[in-house]
Amino acid sequence: MSTIKVNKIENTSTTDGGISIDNAGHVQIDGQQLPTAGALSHRNLVMNGAMQVAQRTTSATGVTTTGYKSVDRFKANISAMGTYTISQSTDAPDGFSNSLKYEVTTADASPAASDQVAAEYRVEAQDLQHLNYGSSSAKSLTLSFWVKSDVTGTYSNEFMQADNSSKHYSFSYTINTADTWEHKTVTVEGDTSGVINNDFGEGLLIKWWLGAGSNFTSGTYSTGSWAARTAANAVSSSSPNFASTVGNEWYITGVQLEVGSVATPFEHRSFGEELARCYRYFQKSYSYGTAVGANTTDGRYYFLIGTTSDAANKGGSVYLGTNMRVAPTTNFYNDAGTQGVIQIPASTVTPLLLKTGVIAIYVGNTTSREVAGAWTADAEF
Amino acid sequence: MELNYKLTAEDGFVQRLTDKAFIPFDVGNVDYQEYLDWLEEGNTPQPADS
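Residues numbered from 1 in each chain as written. Chains lettered and ligands numbered in written order. Predicted model: local features only at pLDDT ≥ 70, side-chain atom pairs only at ≥ 80, totals over all residues. Heavy atoms only, no water.

**Q** Please explain the domain arrangement of chain A as it appears in this structure.
**A** Interfaces are often described in size by the accessible area the parts lose on coming together. Here chain A is described as being made up of domain 1 (1–34), domain 2 (59–278) and domain 3 (284–378). The centre of domain 1 of chain A, based on its C-alpha atoms, is set 59 Å off from the matching centre of domain 3 of chain A. (Domains from an automatic or database assignment.)

And the structure:
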């Protein structure tokens with residue numbers, strides 16, 4: 001067999017486009033990088049990476065605690081370090097419509113030792129088995145994302161493996177220019193000694209640090225290899241404190257994690273496809289655009305539509321739209337958005353079943369012909 | 001906000017009183033894991049309504 005050795009193939013009349021082959025043998029066609037490993041489709045291991053889906057609310061104000069606040073699948077990790085508005089923003093780079101935005105509303109310029117603020121994403125373990133982690137054939141991963149902030153500097157970040165005592169891989173990115181969208185990539189070598197369990201638990205955690213106290217900055221920060229994690233080594237002491245000033249903003253979108261050693265163009269998926277994927281982790285009875293807990297009849301779900309007003313024990317069930325990751329934590333709301341009660345009858349409920357595919361409740365002895373109220377089901381990490 | 005829990009009339013669930021959410025006893029549920037940690041610290045949930 002013959003081999004043609006060439007770095008680039010072009011049309012005879014132009015130097016634009018064509019096929020380029022770099023020294024590692026990776027191929028670009030008309031400037032677009034091709035994958036170096038894995039499939040051509042379904043490459044992105046991150047759900048909702050374009051921040052299209054925000055089931056809970058598009059804007060959460062006064063955020064001071066950890067949780068899923070706005071866009072689906074991205075968790076805020078906040079411990080006593082400032083107050084934020086966390087939202088689904090329409091400020092985005094070309095080719096995107098949304099981003100996840102943190103805005104400081106109460107600053108913390110001098111964090112205590114254990115304080116922290118970060119954004120996190122978790123990949124389910126069974127979705128990572130093709131990486132062959134824990135074997136000699138462990139595959140590299142490449143993370144790419146768009147980011148923008150008015151706080152410039154070099155930020156610390158981590159990958160962590162929950163199945164291996166939070167073994168971590170630190171990486172940094174730099175905001176070079178304030179208030180300007182910048183595209184960042186990092187390639188993570190495959191971990192040949194850390195097995196990711198084939199289950200529905202947390203496989204990989206990606207953590208974008210935005211601020212940290214000395215418990216996380218006092219050690220030796222080292223990037224570029226998998227290592228046992230010590231909290232003190234998690235963040236560089238020179239990493240910016242995003243929480244330092246009211247009004248500071250940090251945006252992220254276009255988050256893509258893929259097998260291989262190069263970042264390929266973002267794999268845009270339809271809104272419907274991303275929403276369907278997010279249902280594995282969070283579902284609600286409200287219409288998509290209605291925030292959870294809103295003062296509205298919109299979320300009202302009829303567990304039972306009866307024909308008799310005779311006093312009797314009544315209840316009902318919900319067959320969930322898709323099987324969830326685990327049996328979900330479930331909450332109920334009346335029309336006013338009060339947690340823990342339903343609208344008809346105006347009472348508390350008792351769960352009978354909270355399973356990955358079904359929720360069932362009863363309300364006891366009631367003359368109400370219907371049993372109705374809003375609900376949420378949460379199976380996030 | 002300090003965590004506190006209450007047992008329910010049916011076995012297999014506990015109610016988190018801070019937000020009134022019901023947590024199933026599923027080892028993969030992170031809220032259940034948090035409840036187990038809370039128990040390990042020596043705390044006791046409130047009894048179910050009789």
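Moving on from the coordinates now.
**Q** Any chance you could explain the interface of chain A and chain B here in plain terms?
**A** At the interface, 21 residues of chain A touch 15 residues of chain B. Each partner contributes to the roughly 1400 Å² buried at the junction of chain A and chain B, and carbon and sulfur atoms together form 61% of this total. Seen at the junction of chain A and chain B, the total is zero salt bridges. Between the two partners, chain A and chain B, sit seven residue pairs in polar contact (both at pLDDT 80 or more). Elements represented by at least two residues in the side of chain A that touches chain B include exactly strand 20 (329–333) and strand 21 (350–354) of chain A. Sort the elements by how many residues they give to the side of chain A that touches chain B and strand 21 of chain A lands first, with five residues. Across the side of chain A that touches chain B, the residue classes tally to 12 nonpolar, six polar and three charged. (Contact = heavy atoms within 4.5 Å. Buried area = accessible area lost by both parts, 1.4 Å probe. Salt bridge = Lys/Arg side-chain N within 4 Å of Asp/Glu carboxyl O. Polar contact = N/O pair within 3.5 Å; in protein donor to acceptor, adjacent residues only side chain to side chain. Helix = DSSP H or I, 4+ residues; strand = E, 2+ residues; numbered from the N terminus. Nonpolar A, V, L, I, M, F, W, Y, C, P; charged D, E, K, R; others polar.)

**Q** When you look at the pattern of salt bridges in this model, what are you seeing that I'm missing?
**A** Two side chains carrying opposite charge are able to pair once their charged atoms lie near each other. Residue and element names in this part refer to chain A. Taken as a whole and judged by the stated rule, the model has 22 salt bridges over all chains. Residue Glu-120 is joined to Arg-122 by a salt bridge in which the shortest nitrogen-to-oxygen separation is 2.8 Å. Residue Glu-124 pairs with Arg-280 through a salt bridge whose shortest N-O separation is 2.6 Å. Here Arg-280 lies in the loop between helix 2 (271–278) and strand 17 (282–284) and Glu-124 lies in strand 9 (residues 116–124), a separation of 156 residues in the sequence. For Arg-280, a relative accessible area of 23% puts it in the partly exposed group. (Buried < 20%, exposed > 50% of the residue type's maximum accessible area, 1.4 Å probe, protein only.)

**Q** I keep staring at the sheet that holds strand 1 (residues 8–9) of chain A and nothing clicks. Help me out?
**A** Sheets are built from strands paired through backbone hydrogen bonds, the pairs being either parallel or antiparallel. Residue and element names in this part refer to chain A. Sheet architecture is open: four strands sit in the order 1-2-3-4, paired in antiparallel fashion. Since the sheet does not close on itself, it has two edges, and those belong to strand 1 and strand 4 (32–33), each with one partner. Sheet analysis places strand 1 next to strand 2 (residues 19–21), joined by two bridges and oriented antiparallel. In the sheet register, Lys-8 faces strand 2, and the bridge partner there is Ser-20. (Pairing = 2+ DSSP bridges.)

**Q** Is there a simple way to think about the environment of His-168 of chain A in this case?
**A** Residue and element names in this part refer to chain A. By secondary structure assignment, the location of His-168 is in strand 12 (residues 167–175). His-168 sits in the buried class, given a relative accessible area of 5%. Considering only alpha carbons, one finds His-168 and Ala-119, 49 residues apart in sequence, at a separation of 16 Å. A polar contact of 2.6 Å, which involves the side chain of His-168, links it to the side chain of Glu-158.

**Q** I'm lost on the sheet that holds strand 13 (residues 182–188) of chain A in this one. Help?
**A** Residue and element names in this part refer to chain A. Across the sheet, which stays open at both edges, the six strands sit in the order 5-7-8-16-10-13 with antiparallel pairing between neighbours. Taken across any chain shown, the strands that pair with only one partner, and hence form the sheet edges, are strand 5 (59–63) and strand 13. Recorded for the sheet is a direction-independent mean angle of 20° between the axes of neighbouring strands. One ladder, built from eight bridges, connects strand 10 (residues 141–149) with strand 16 (residues 249–259); its direction is antiparallel. Bridge pairing links Thr-142 to Glu-258 in strand 16. (Axes fitted to C-alpha atoms, helices over the stretch in contact; angles between N-to-C directions.)

**Q** Please explain helix 2 of chain A as it appears in this structure.
**A** Residues and elements named next belong to chain A. All of the buried residues in helix 2 are Glu-274, Leu-275 and Cys-278. Down the axis of helix 2, the buried set is contained in an arc of 100°. They therefore lie on one face. Check the buried side of helix 2 and you find it contacts strand 17. (Arc of directions from axis to C-beta.)

**Q** Sorry if this is basic, but what is going on with the packing of aromatic side chains here?
**A** Aromatic ring pairs are defined here through the distance separating the ring centres and the angle between the ring planes. In this structure the tally under the stated criterion is 27 aromatic pairs over all chains. Note on Tyr-5 of chain B and Tyr-35 of chain B: the rings are 4.8 Å apart at their centroids and 65° apart in plane angle, and the pair reads as edge-to-face. Here Tyr-5 of chain B is found in strand 1 (residues 5–7), whereas its partner Tyr-35 of chain B is found in helix 1 (residues 30–40), with 30 residues between them in sequence. Assigned by exposure class, Tyr-5 of chain B and Tyr-35 of chain B land together as buried. Ring-pair connections join several aromatic residues into one group, and the members of that group are Phe-74, Tyr-121, Phe-145, Tyr-155, Tyr-173 and Trp-208 of chain A. For Arg-56 of chain A, the ring lying beneath its charged end belongs to Phe-282 of chain A, and the centroid distance is 4.0 Å. (Phe/Tyr/Trp six-rings, centres within 6.5 Å; stacked < 30°, edge-to-face > 60°. Lys NZ or Arg CZ within 6 Å of the ring centre and 35° of its normal.)

**Q** When you look at the nonpolar core in this model, what are you seeing that I'm missing?
**A** Most often, soluble globular proteins keep nonpolar side chains buried together rather than apart. Residues and elements named next belong to chain A. Tyr-84, Tyr-102, Leu-143, Phe-159, Trp-208 and Trp-250 are the most contacted members of the largest nonpolar core, which totals 55 residues. Ranked by residues supplied to this core, first place goes to strand 16 with five residues. Ignoring sequence-local partners within four residues, the contact set of Tyr-84 consists of Ala-60, Thr-61, Gly-62, Val-63, Ile-78, Glu-103, Val-104, Thr-105, Val-117, Phe-242 and Ala-243. If you look at the next biggest cluster of nonpolar residues, it comprises 18 residues, including Met-324, Ile-342, Val-349 and Leu-354. (Core = buried A, V, L, I, M, F, W, Y, C linked by side-chain atoms within 4.5 Å.)

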